[in-house]
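Inside the fold
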Amino acid sequence: MEKHMTVCPYCGSGCKFNLLVENNKVVGAEPLNGRTNEGELCLKGYYGWDFINDTKILTPRLKHPLIRRTRDSEFEAVSWDEAIKFVATRLSAIKAKYGPDSIMLTGSSRGTGNESNFVMQKLARAVVGTNNVDCCARVCHGPSVSGLMVTLGNGAMSNSICEIEDSKCILVFGYNAADSHPIVARRILKAKEKGAKIIVCDPRRIETARIADQWLPLKNGSNMALVNAFANVLITEGLYNKDYVANFSEGFDEYRAIVAKYTPEYVESITGLSAAEIREAMHTYAAAPSATILWGMGVTQWGQAVDVVKGLSSLATLTGNLGRPNVGVGPVRGQNNVQGACDMGALPNVFPGYQSVTSQEARDKFAKAWGVPSLPDKIGLSITDVPHMAMEGKLKAFYCFGEDPAQTEPDLNQVRQAFEKLELMVVQDIFMTKTAMFADVILPATSWGEHDGVFSAADRGFQRFTKAVDAKGDVKHDWEIFGLVATAMGYPMKYKDTKEIWDELRELCPLYYGATYEKLDGLGYIQWPCTTLESEGSPYLYEGNVFQRPNGKALLFASEWRQPLDQVDAEFPLVLSTVREVGHYSCRSMTGNCVALTTLADEPGYVTINPQDAKKQGIRDQQLVWVVSRRGKVIARASVTERTNLGSVYMTYQWWIGACNELTIHHVDPISKTPEYKYSAVKLETIADQTWAENYVQQEYSTLKGKLAKAADSVAATA
Amino acid sequence: MNRFIAATPSKCIGCRTCEVACVLAHAGDTGVEGLSPLTFMPRLTTIKTRDISVAVTCHHCDDAPCVNACPCSAIVYRNNSVQVEQDRCIGCKTCMVACPFGAMNIVTVPMTRHFAGVKIAIGMKALAQKCDLCSGRDSGPACASVCPTKALQIVDRNEMNQTLRQRQTRAAYELVGEAAAL
């Protein structure tokens, strides 16, 4: 049996393990003593690898390039030469006719790795000539990046995953670590065992709420009001660190003026919390010798998200909980390489290494390195701009790389209409996805397990992962495919391996310069900034309380609370919030093809509801129900549980039949453009004939699987 | 004293990694490919209520109701644990009714036998199924080894003695109104 060292392709915890291989087939996983996982894995790490073997449980692996010559014809298998020529010719024509900004590309936050994302954005910027590149950070921690960039100067976790357990107070805000990052949840448990105080702000009784010293079950949609009230308590009761604020921050007077109104009493009706419990939480937080704030999608997937991030960062600044070990702000990044896609410049406003596209100096540096006369200076489109820009006819081509927006974006009906309006849709993936079904051309890539590279864990930690098995089928590495497209568009680009790409980007990004492949060998873990070859990286940011802002000071920032856009009323009386499930990941194309994970949870997925709400509607546990919003209707299985708060229901977003994004609203944060996945008004309808409903789910599921399989199979027939 | 798996609710995050490990540990050589929702019957169950998440399983009682109840003497004490002798089990469910922890389950599985080198189906057999502490698995119970938060632990006499000693010491200090420095 062979063993190949890798990093888990699911969440951003950065767990290291060996893939066990027999006869070129992955047969198991064995944990390694990695920096963050210390020999532990969750169920996705242990049992989430068999999708590589093309189990075809949900959808088949792509094995040949596919072209659909007209939108109503079937996919046909073609040679790589023809597929690349097709993409390059069509992209060049659209660029010539409508300009480079009519084309949009995405990065991929998943198994492909940092190198491919670097090459993708190079193709976009140097060859297509647009900054229209973005990744799914937009729909998750985009607000954390935007907010923290403004207040502290760096969008990443300021602390390390390992440091969490040595913090004396953890304020968990809108973050369900047990389901999102089990291996981070482990650190919170260890902190508790070491005597830390745990404060949880979450409407649901999540696992961490169960063990918390204080649980603040705030009303859905009241984040900003609560954060402002926290600041109000810290200031009016003199709990803040006056020296720290005076020496290392700015904007205090304006900040104090805005939060003045948000007394704990004032926000009682907004948050549903008592003034006393709000005060108690801040007394605990301020008294701790070291305190850490962790947040997740419960903070970011709102129409008002960037403001809340800035507010949370200001709490850390007010109390001096930055710039030293075991403190700080931790937006714990969701996907295994969403930090990496951002690090590599798969964002519309920055080159790799967070160098602004609006900086002449940065543009000159990259233009010179890439041998082009100039690079675009206009900030590009966000991935959430795709639907309306396509509908308005401003976006003509969409090159979607390793993402499934037809499953993961809000208001899917609108997304589908937009995809149909595009003149060209290119999908580069490892699976036939719902998005791939809209493509004009599909480029099949090697999967995690079939290639080498570097991932960035949630806490800025670079780690190498290696190939375990040979890819089956006529597929190529993502970075090779981008190189071929660039070359066919008249810009010769060829790399021999990922190290060559990594070395090119290290030279261009001072933040990563010292993180060489050699240092990352084996269990090597280097957290950026790592600016010199001697450096071992930076476990925490802002050492010496120097912030990456013009005058080196942290900004204190507050905003008025805004209520969510969608409104509950007599017809749609419940709030739908979309959440994660521990055993599945994102669009589920990977975990949905893993036997063990599918055995634990499969279609149509659950809608969780409080027993009182369920009783009112006559809904019994495990019954199938319709969930209806102003935008759509899907079927789901009711899970009646006291962990769900009254007036709200929760669905996990990976189900393809019970697809909650048919229901969600396209309302985005004005700055980060992140959708308000956490608040859509819905109603539940009972289904009298449960036998019919069970059959309906099975039929819909088989039809969908059949369609996906046929699309991929037409390949085999003609190839 | 029999060994058993002790579960700590304050460490459990309800992820069910233990359940998958349990089923795989009893699936022979088939590996994950052999799993399916119909045959997925872990010998420990993750319970999640408003205030508790924890895996519940057999206590390997030292005076076990299941052992006492079985009319066929199919449940025995062996190797400091309670084990089911499947050959003698008739699927009468008496043990399932007797167990106060819900740790015993009756499952029906297809039976086969080999005849002249051919595998022949010989109908279904009901079996009393419960935690066997992964008897025969070199590295011990699979659930405890995979639990990412170490919420499951194998407890034996030695382990128990240490815990008892700690608690006795604490109790002694409490007699004089002091906190023990443990």
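Below is a summary of the structure that appears in this document.

A few points about the overall build of chain A
Helix and strand counts for chain A stand at 24 helices and 28 strands. Against the compact-globule benchmark of 27 Å for 719 residues, chain A has a radius of gyration of 24 Å, which places it among compact chains. Taken over the C-alpha atoms alone, chain A extends approximately 70 × 65 × 55 Å along its principal axes. In chain A, of all internal contacts separated by at least 6 residues, the share reaching a separation of at least 24 is 74%. Surface summary for chain A: the accessible area is close to 22,600 Å², and the carbon and sulfur share equals 51%.

Regarding the interface of chain A and chain B
Facing the 28 residues of chain A at the interface are 31 residues of chain B. Both sides together, the interface formed by chain A and chain B hides about 2,400 Å², and carbon and sulfur atoms give 59% of it. Where chain A packs against chain B, one counts 4 salt bridges. D51 of chain B is the salt-bridge partner of R205 of chain A, the closest N and O atoms lying 2.8 Å from each other. Where chain A meets chain B, there are 13 residue pairs in polar contact (both at pLDDT 80 or more). Elements represented by at least two residues in the side of chain A that touches chain B include exactly α1 (43-47), α6 (182-193), α7 (207-211) and α22 (595-600) of chain A.

Concerning a nonpolar patch on the surface
Judged by side-chain polarity, F115, V118, I120 and I122 of chain B come together as a nonpolar surface patch covering roughly 350 Å² of accessible area. With 3 residues, the single largest contributor to the nonpolar patch is strand β7 (residues 118-129) of chain B.

With respect to the pairing of strand β26 (residues 633-640) of chain A
Residues and elements named next belong to chain A. Most of β26 is tucked away, with 6 of its 8 residues classed as buried. Sheet topology places strand β24 (residues 606-609) next to β26; 4 bridges connect them, and they run parallel. Residue T608 lies in a different strand from β26, and its bridge partner there is S639. Here strand β25 (residues 624-629) runs beside β26; their pairing, made up of 5 bridges, is antiparallel. By the bridge assignment for β26, V627 is matched with V634. The loop that links β25 with its antiparallel partner β26 comprises 3 residues.

Notes on the sheet that holds strand β27 (residues 648-652) of chain A
Residues and elements named next belong to chain A. The 6 strands are arranged β23-β27-β24-β26-β25-β28 in a closed barrel whose pairing can be described as mixed. Ignoring which end each strand starts from, the neighbouring axes of this sheet average 45° apart. With 3 bridges joining them, β24 and β27 adopt antiparallel strand pairing. When the bridges of β27 are listed, V607 appears paired with M651.

Topic: the packing of helix α3 (residues 114-128) of chain A against helix α21 (residues 498-508) of chain A
Residue and element names in this part refer to chain A. For the pair α3 and α21, interaxial distance at closest approach is 9 Å and the crossing angle is 65°. Of the possible angle classes, the one that applies to α3 and α21 is roughly perpendicular. For the crossing formed where α3 meets α21, the hand is left-handed. Here N114, E115, F118, V119 and K122 of α3 lie close against α21, whose contacting residues are T498, I501, W502, E504, L505 and L508.

Focus on empty space enclosed by the protein
All names here are of chain B. Counting across every chain of the model gives 10 cavities of 30 Å³ or more. Here the second largest cavity defines a volume of roughly 130 Å³. Taken together, 17 residues make up the lining of the second largest cavity; nearest its centre are C12, C18, C147, A151 and L152. Every element with two or more residues in the lining of the second largest cavity is listed here: α1 (17-25) and β3 (53-56). Its residues assigned to classes, the lining of the second largest cavity shows 11 nonpolar, 5 polar and 1 charged.

Structural notes on the pattern of salt bridges
All names here are of chain A. Here the structure, examined in full by the defined rule, presents 51 salt bridges over all chains. Here R71 makes a salt bridge to D440, at a shortest N to O gap of 2.8 Å. Here the residue R71 occupies a position in the loop between β4 (66-67) and β5 (76-77), and D440 occupies one in the loop between β17 (424-429) and β18 (441-444), the gap between them amounting to 369 residues. Overlapping salt bridges bring together E38, E165, D166, R186, R187, K190 and K194 as one network.

A word on the environment of P529 of chain A
Position of P529 of chain A among the secondary structure elements: in the loop between β21 (526-527) and β22 (554-555). Not counting the four nearest positions on each side in its chain, P529 of chain A is found in contact with R460, L511, G537, S538 and L541 of chain A.

A short note on helix α5 (residues 157-175) of chain B
Helix length check: α5 of chain B (19 residues) gives 26 Å between terminal C-alpha atoms against 27 Å at 1.5 Å per residue, within 8%. Count one or two residues on from α5 of chain B and you reach G177 of chain B, which has phi positive near 75°.

Observations concerning the environment of I47 of chain B
Residue and element names in this part refer to chain B. Within the fold, I47 resides in strand β2 (residues 45-48). With relative accessibility at 37%, the residue I47 sits in the partly exposed group. In sequence terms I47 and A25 are 22 residues apart; their C-alpha atoms lie 21 Å from each other. With residues near it in sequence (within four places) discarded, I47 still touches I52, S53, V54 and V56.

Describing the nonpolar core
The biggest cluster of nonpolar side chains holds 146 residues, and the ones touching the most others in it are Y47 and Y399 of chain A. Look past the residues within four positions of Y47 of chain A in its chain and what remains in contact with it is C594, A596 and L597 of chain A together with T17, V20, A21, L24, V32 and V146 of chain B. Among the nonpolar cores identified, the runner-up in size contains 52 residues, and I199, F230, Y240 and L315 of chain A belong to it.

Brief notes about the packing of aromatic side chains
All names here are of chain A. Going through the model one piece at a time under the given rule, you end up with 27 aromatic pairs over all chains. For the ring pair F118 and W370, a centre distance of 6.0 Å and an interplane angle of 70° mean the geometry is edge-to-face. Taken together, the positions of F118 in helix α3 and W370 in helix α16 (residues 360-370) put the pair 252 residues apart, joining distant regions of the chain. Per residue, the accessibility class of F118 equals that of W370, and both read buried. Arranged with centres 3.9 Å apart and planes meeting at 15°, the rings of F455 and F465 form a pair that is stacked. With F455 in strand β19 (residues 453-456) and F465 in strand β20 (residues 461-465), this residue pair connects regions lying 10 residues apart in the sequence. For the residue pair F455 and F465, the accessibility class agrees, reading buried in each case. Linked through ring pairs, Y354, F462, W502, Y512, Y517 and W528 together constitute an aromatic cluster. Its end group placed over the ring of W626, K633 keeps NZ or CZ at 4.6 Å from the ring centre.

A look at the sheet that holds β19 of chain A
Residue and element names in this part refer to chain A. Across the sheet, 3 strands lie side by side as β19-β20-β21; this open sheet has antiparallel pairing. Edge positions in the sheet fall to β19 and β21, since each of these pairs with one other strand and no more. As defined by bridge partners, β20 adjoins β21 across 2 bridges and the pair is classed as antiparallel. Each residue of the ladder has a partner; that of G461, found in β21, is Q527. Of the strands in this sheet, β19 and β20 touch α3, which is tilted by about 90° from β19.

Conventions adopted
- Residues numbered from 1 in each chain as written.
- Chains lettered and ligands numbered in written order.
- Predicted model: local features only at pLDDT ≥ 70, side-chain atom pairs only at ≥ 80, totals over all residues.
- Heavy atoms only, no water.
- Helix = DSSP H or I, 4+ residues; strand = E, 2+ residues; numbered from the N terminus.
- Rg over C-alpha atoms; globule rule 2.2 N^0.38 Å.
- Contact = heavy atoms within 4.5 Å.
- Areas by Shrake-Rupley, 256 points an atom, 1.4 Å probe, with all protein chains shown as cover.
- Buried area = accessible area lost by both parts, 1.4 Å probe.
- Salt bridge = Lys/Arg side-chain N within 4 Å of Asp/Glu carboxyl O.
- Polar contact = N/O pair within 3.5 Å; in protein donor to acceptor, adjacent residues only side chain to side chain.
- Patch = residues over 30% accessible without salt bridge, like charges linked within 9 Å, V, L, I, M, F, W, Y side chains within 5 Å.
- Buried < 20%, exposed > 50% of the residue type's maximum accessible area, 1.4 Å probe, protein only.
- Pairing = 2+ DSSP bridges.
- Axes fitted to C-alpha atoms, helices over the stretch in contact; angles between N-to-C directions.
- Parallel < 35°, antiparallel > 145°, perpendicular 65-115°, else oblique.
- Left-handed = near helix turned anticlockwise from the far one by under 90°.
- 1 Å grid on protein atoms, 1.4 Å probe; cavity = no way out; pocket = protein on both sides within 12 Å on 5 of 7 lines; lining within 4 Å.
- Points joined across faces, edges and corners; volume = space filled by probe spheres on them.
- Nonpolar A, V, L, I, M, F, W, Y, C, P; charged D, E, K, R; others polar.
- Expected span 1.5 Å × (residues − 1).
- Core = buried A, V, L, I, M, F, W, Y, C linked by side-chain atoms within 4.5 Å.
- Phe/Tyr/Trp six-rings, centres within 6.5 Å; stacked < 30°, edge-to-face > 60°.
- Lys NZ or Arg CZ within 6 Å of the ring centre and 35° of its normal.

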